[in-house]
Amino acid sequence: MTETTEQTGRLKRSIALPGLVFYGVGTILGAGIFVVIGEVIGEAGPLAPLSYALAGLIALATALSYAEIAARVPTAGGPIDYVEAASGDAMAGSVVGWFLMAANTVSAATITSGFIGYLSVFADVPGWAVAFGIVSALGLISAFGMKASTGFMVVTTSIGIVTILAVVWATRAGLAAAPAQAMANLGDLSIATGMGLFAGAFLALYSFIGFGDMALTAEEVKDVEKTMPQAITIAFAIVFAFYLLVSAAVVGVGPTEHIADAKAPLVAAVTREGWQAWPIGIASLCVIVNGALTQMIGASRLLMDIGRDGRGVPNVFGKINGRTGTPLVATATISLAVILLATLVPLKSLAEATSLIILVVFVAVNASLIVLKRQDQPEHAPNLWIGVPIIGAATCAAAACAHLIQWAAG
């Protein structure tokens, strides 16, 4: 009998380190540099690279915390089970699970909205039709299982990496000019500019949340205690470097308003340098779908775990199909929710809502690791300095509070 059956209710371990790294890089890049960079530039202007750097530093401690706690508690429930293991309270885990499922669902809708924007550069298709078509297709890929999903993402992530390198090459003059421009803007720093820098950083935090989705595949990863920490660390390092390079190159030369207002920011950046729009646009569409796919997979796995453990939804959501080895009812439900959100809610509002929800979850995950580390230190898990989750909890809580204050003030 295979590991994935309706009887066991468990998922099949089919992902090795290379596949998980591609999975992580694909979802983080798809959710970040292709979709949200225009909104970040709209807030921070020429200081957008600093917003990405600040967001990356805030996210780094939490990414490292995920690397350890995912090895300690390698389940598809992720933060649900982390919080429950630390607190001994099933209700606390359930609350975090609902928060995270909402964040993943809204995030998938954010990326779908970005896909609609990029596609509108080439074709005038109603947004609802695009959302229905692309989300339905991604739902089908997800339904076929993680082996199919990671195979799809290896191809599309490879295309995305080549695309990013092409964008950096096209805008290389901006990359050279960006440091001096940033220093000039910092020299004239005002309250408004500072607020823009932090607002951009809050939006840019959305660009880093994919490492949490990697943890949700824990039941499907081979040698998870070793593979998961390595993959999270490698994927985070890769995307952090790409974010800094691309954001610096894009804002280094020329007015930023054109990029901020564009439906397809990276296409606007390369056309400003005399390149054709269609190669970058088509390649961008390929990698954008990665982010939506992984967010949908993460949300469906969370809904499955909630249904499987009796945390407030009918147990039909926790059923795993014996043939596909995936939670079909949960996948279909999340797909429908993503279509509705992508059609009805603006992209910026979706990204901000995702960032705020995920920061609350990150605080809970860091706090859970602090508690677990004080209880014991398993030999199979990485042994972080306890200051790492403390820093992670503090920075995420501060970022969430700062944004709530900014909302109230403005």
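Please read all numbers here as calculations on a predicted model, not as lab measurements.

About the thresholds
- Residues numbered from 1 in each chain as written.
- Predicted model: local features only at pLDDT ≥ 70, side-chain atom pairs only at ≥ 80, totals over all residues.
- Heavy atoms only, no water.
- Helix = DSSP H or I, 4+ residues; strand = E, 2+ residues; numbered from the N terminus.
- Rg over C-alpha atoms; globule rule 2.2 N^0.38 Å.
- Buried < 20%, exposed > 50% of the residue type's maximum accessible area, 1.4 Å probe, protein only.
- Contact = heavy atoms within 4.5 Å.
- Salt bridge = Lys/Arg side-chain N within 4 Å of Asp/Glu carboxyl O.
- 1 Å grid on protein atoms, 1.4 Å probe; cavity = no way out; pocket = protein on both sides within 12 Å on 5 of 7 lines; lining within 4 Å.
- Points joined across faces, edges and corners; volume = space filled by probe spheres on them.
- Phe/Tyr/Trp six-rings, centres within 6.5 Å; stacked < 30°, edge-to-face > 60°.

Engineer: It is not clear to me how the overall build of the protein should be interpreted in this structure. Could you clarify?
Structural biologist: Within the protein, the secondary structure is distributed over 17 helices and zero strands. For the protein, whose C-alpha radius of gyration is 20 Å, the value lies close to the compact-globule estimate of 22 Å for 410 residues. The buried share of the protein, reckoned over its 410 residues, is 58%. Intrachain contacts of the protein at a sequence separation of at least 6 include 82% that bridge at least 24 residues.

Engineer: Just checking my understanding: could you explain the pattern of salt bridges for this structure?
Structural biologist: Pairing is possible between side chains of opposite charge, provided their charged atoms come close. Inspection of the entire model under this criterion finds seven salt bridges. A salt bridge links R72 to D376, with the shortest nitrogen-to-oxygen separation between them at 3.4 Å. Taken together, the residues R72 in helix α3 (residues 48–72) and D376 in the loop between α16 (347–375) and α17 (387–409) connect sequence positions 304 residues apart. The closest approach of N and O atoms between E220 and R301, which form a salt bridge, is 3.3 Å. Of this pair, E220 sits in the loop between α10 (210–215) and α11 (224–251) while R301 sits in helix α14 (residues 277–308), and the two are 81 residues apart along the sequence. Comparing E220 with R301, the two get one shared label, buried.

Engineer: What is the right way to look at empty space enclosed by the protein in this model?
Structural biologist: Rolled over the atoms, a probe with the dimensions of a water molecule shows which regions are left empty. Under the criterion given, the structure shown has one cavity of 30 Å³ or more. Of the voids in this model, the largest cavity is the one considered here, and its volume is about 70 Å³. Lining of the largest cavity is provided by 13 residues; of these, L100, N104, I209, D213 and I358 occupy positions nearest its centre. By residue number, the principal contributor to the lining of the largest cavity is helix α5 (residues 90–119), which donates four residues.

Engineer: Even after reading the chapter, I still don't get the packing of aromatic side chains, so can you show me in this structure?
Structural biologist: Within a pair of aromatic rings, the relevant descriptors are the distance that separates the centres and the angle that separates the planes. For the coordinates displayed, the defined rule picks out 10 aromatic pairs. Arranged with centres 5.3 Å apart and planes meeting at 35°, the rings of Y52 and Y243 form a pair that is tilted. Residue Y52 is located in helix α3, and its partner Y243 is located in helix α11; the two are separated by 191 residues in the primary sequence. Like Y52, the residue Y243 is buried in the burial classification. When the centroid spacing of 5.6 Å and the interplanar angle of 35° are considered together, the rings of F208 and F236 count as tilted. Remark: F236 occurs in helix α11 and F208 occurs in the loop between α9 (191–205) and α10; sequence separation between them is 28 residues.

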